[in-house]
Each structure stands twice: as structure tokens, then as C-alpha cells.
Amino acid sequence: MARPRTHDEALRLKLLDRAGELLAADGPKALSLRKLAADAGTSTTAVYSLFGSKPDLVNALYTEGFRRFGARMAGTPLTGDAVEDLVALGSAYRTSALADPHLYGIMFTKSVPGFEPNEDAEKLARETLKPLERIIRRAIADGVFLDVPPETVAVGCWAIVHGLVSLELTGNLPEGFDVTSSYERALRANASGWLRPQITQTSGTVPS
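Residues numbered from 1 in each chain as written. Predicted model: local features only at pLDDT ≥ 70, side-chain atom pairs only at ≥ 80, totals over all residues. Heavy atoms only, no water.

Regarding the overall build of the protein chain
Turning to step 1, where the next piece is worked out: A tally of regular secondary structure across the protein chain gives 10 helices and 0 strands.
Turning to step 2, where the next piece is worked out: When the elements of the protein chain are put in sequence order from the N terminus, they spell out α-α-α-α-α-α-α-α-α-α.
Turning to step 3, where the next piece is worked out: When its C-alpha atoms are laid out on the principal axes, the protein chain stretches across 65 × 40 × 30 Å.
Turning to step 4, where the next piece is worked out: When burial is assessed residue by residue, the protein chain has 39% of its 208 residues classed as buried.
Turning to step 5, where the next piece is worked out: The long-range share in the protein chain, meaning contacts at least 24 apart out of those at least 6 apart in sequence, stands at 73%.
Turning to step 6, where the next piece is worked out: Here the protein chain has roughly 11300 Å² of accessible surface; of this, 55% comes from carbon and sulfur atoms.
Turning to step 7, where the next piece is worked out: Within the protein chain, the 25 negative side-chain charges are centred at a point lying 4 Å from the centre of the 23 positive side-chain charges. (Helix = DSSP H or I, 4+ residues; strand = E, 2+ residues; numbered from the N terminus. Buried < 20%, exposed > 50% of the residue type's maximum accessible area, 1.4 Å probe, protein only. Contact = heavy atoms within 4.5 Å. Areas by Shrake-Rupley, 256 points an atom, 1.4 Å probe, with all protein chains shown as cover. Lys, Arg positive; Asp, Glu negative; His and termini not counted. Charge placed at Lys NZ, Arg CZ, Asp CG, Glu CD.)

Some thoughts on the packing of helix α6 (residues 101–108) against helix α9 (residues 150–169)
Turning to step 1, where the next piece is worked out: Viewed as axis vectors pointing N to C, α6 and α9 meet at an angle of 135°, and their least axial separation amounts to 12 Å. Accordingly, the angle class assigned to the pair α6 and α9 is oblique. Considering only the axes of α6 and α9, their crossing is left-handed. Facing P101, Y104 and F108 of α6, the residues of α9 in contact are W158, H162, V165, S166 and L169.
Turning to step 2, where the next piece is worked out: Residue classes in the contact of α6 with α9 are distributed as 6 nonpolar, 2 polar and no charged. (Axes fitted to C-alpha atoms, helices over the stretch in contact; angles between N-to-C directions. Parallel < 35°, antiparallel > 145°, perpendicular 65-115°, else oblique. Left-handed = near helix turned anticlockwise from the far one by under 90°. Nonpolar A, V, L, I, M, F, W, Y, C, P; charged D, E, K, R; others polar.)

What about the environment of A139?
Turning to step 1, where the next piece is worked out: Secondary-structure assignment places A139 in helix α8 (residues 130–141).
Turning to step 2, where the next piece is worked out: For A139, a relative accessible area of 0% corresponds to the buried category.
Turning to step 3, where the next piece is worked out: Along the primary structure A139 and A82 are separated by 57 residues, whereas in three dimensions their C-alpha atoms are 6.3 Å apart.

Side note on the packing of aromatic side chains
Turning to step 1, where the next piece is worked out: This model, assessed by the stated rule, comprises 10 aromatic pairs.
Turning to step 2, where the next piece is worked out: Relative to F69, the ring of F66 lies with its centre 6.1 Å away and its plane at 80°, an arrangement referred to as edge-to-face. Taken together, the residues span about one helical turn, with F66 and F69 both in helix α4 (residues 54–74) at a distance of 3 residues.
Turning to step 3, where the next piece is worked out: Aromatic ring contacts, followed pair by pair, group Y62, F66, F69, Y93, Y104, F108, F115 and W158 into a single cluster. (Phe/Tyr/Trp six-rings, centres within 6.5 Å; stacked < 30°, edge-to-face > 60°.)

Some details on the pattern of salt bridges
Turning to step 1, where the next piece is worked out: Evaluated as defined, the whole model comprises 17 salt bridges.
Turning to step 2, where the next piece is worked out: Two residues, E64 and R12, come together in a salt bridge whose shortest N-O distance is 3.6 Å. Taken together, the positions of E64 in helix α4 and R12 in helix α1 (residues 5–26) put the pair 52 residues apart, joining distant regions of the chain.
Turning to step 3, where the next piece is worked out: We note a salt bridge from R94 to E168, for which the minimum N-O separation is 2.8 Å. Of this pair, R94 sits in helix α5 (residues 82–99) while E168 is found in helix α9, placing the two residues 74 residues apart along the sequence.
Turning to step 4, where the next piece is worked out: By relative accessible area, which is 13% here, R94 ends up buried.
Turning to step 5, where the next piece is worked out: What you see here is one network of salt bridges that share partners, running through E9, R12, D17, E64, R67, R68, R72 and D100. (Salt bridge = Lys/Arg side-chain N within 4 Å of Asp/Glu carboxyl O.)

The following block contains the structure:
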């Protein structure tokens, strides 16, 4: 009799979380399928059955990280105010990173040398940034943001959130630093910097 599908999914997620923890704690050398199976209380056969090879497991880690990240980004309530919405998405980025720090490295750093996500995983990763791109493109088109390539704004926003979150996750922020309030202020300052000068002192609201 085949194993119930719900059991497969629960075991798959358990294995992915444990694999992410091993990778985050001790690097790629720790990602042994035998050790992973033992830690999760299952067999190597089950690991192979669910993921296939070790590269397939890493790809599944990457995919799961972006699946969770994308759900948080897509579920972020937006107001139509470009600045506020960029701050909200930046906050969702940090929330996702803190919720799944063991997946963050495989998603946004080269934590596994030589790993390249497959086509489906790359597509999923790109899709998670669609909410950010839509806000920026609309703000530029409506004259709210400076008339610059949307990619310039998107990469600038990503750089600041990734930099701050990475410093937080690695424990490299100053002792006693108020991360939450400082993070939001930095995001707001960055987003406001893209406003057209004539509306800087009024609002970042995107016309409907």
C-alpha cells in the first residue's frame, strides 16, 4: 500500500527544514543524505524517493525557500502609496528571512558552490519579486517616482533590505542596535529618495 500523500508532504518539509539547518550550521559538507535521514528519523531510501539526488535536494531547498518567501510577499497588504508599499514589502522580506534563516543562504547567497537552480526554480524566484516590480513601474509611469529604469529602483531596494537582513542574520550589527525601528527608517528613507522632487514634501501616493 502506498504511503499516504499527507505523510509524504510532512516528511518532505521536515527533511527540507533539517537540510537547511545542516547547511546553515556547517556548510555543504554537512549535507549528507545519510545524516539527513537519520536526523529526520527516516531512511535514505525515503530521502532518495522524495528528492532523488543531492543536487535535487538542494534545488528543492531553493524552491521551498522561495515558495515561502513568495507567499509572504504576495500576502502583504498594499495601500497604493508607493513609499508605504515598498516599506511593507521590505518588512515582509525581513519577516520571511527571520522565519526561515536556514533557507536564506541557499536563496540569496552561493552557499552551495556550483549549485544552479533549474528552470522552474528560477522562474519561481523571479515571480516572487513581481509585487515589488509592479509598485515601482506604476510609480514611475504615474510620475510619482523619478523617471529612471525600474530595474535601478528595484535593485536599490533589494540591496538595502538584503544588506540589513544579512547583517542581522550573521550577528554583525552593533550591540544594542534597535533593528526593527532602524530597519523601517532605512527602508522609508530609501523609498522616499526615489520620489520626484516636486512631490517629496507632499505624498508618495500613487494616483488611482
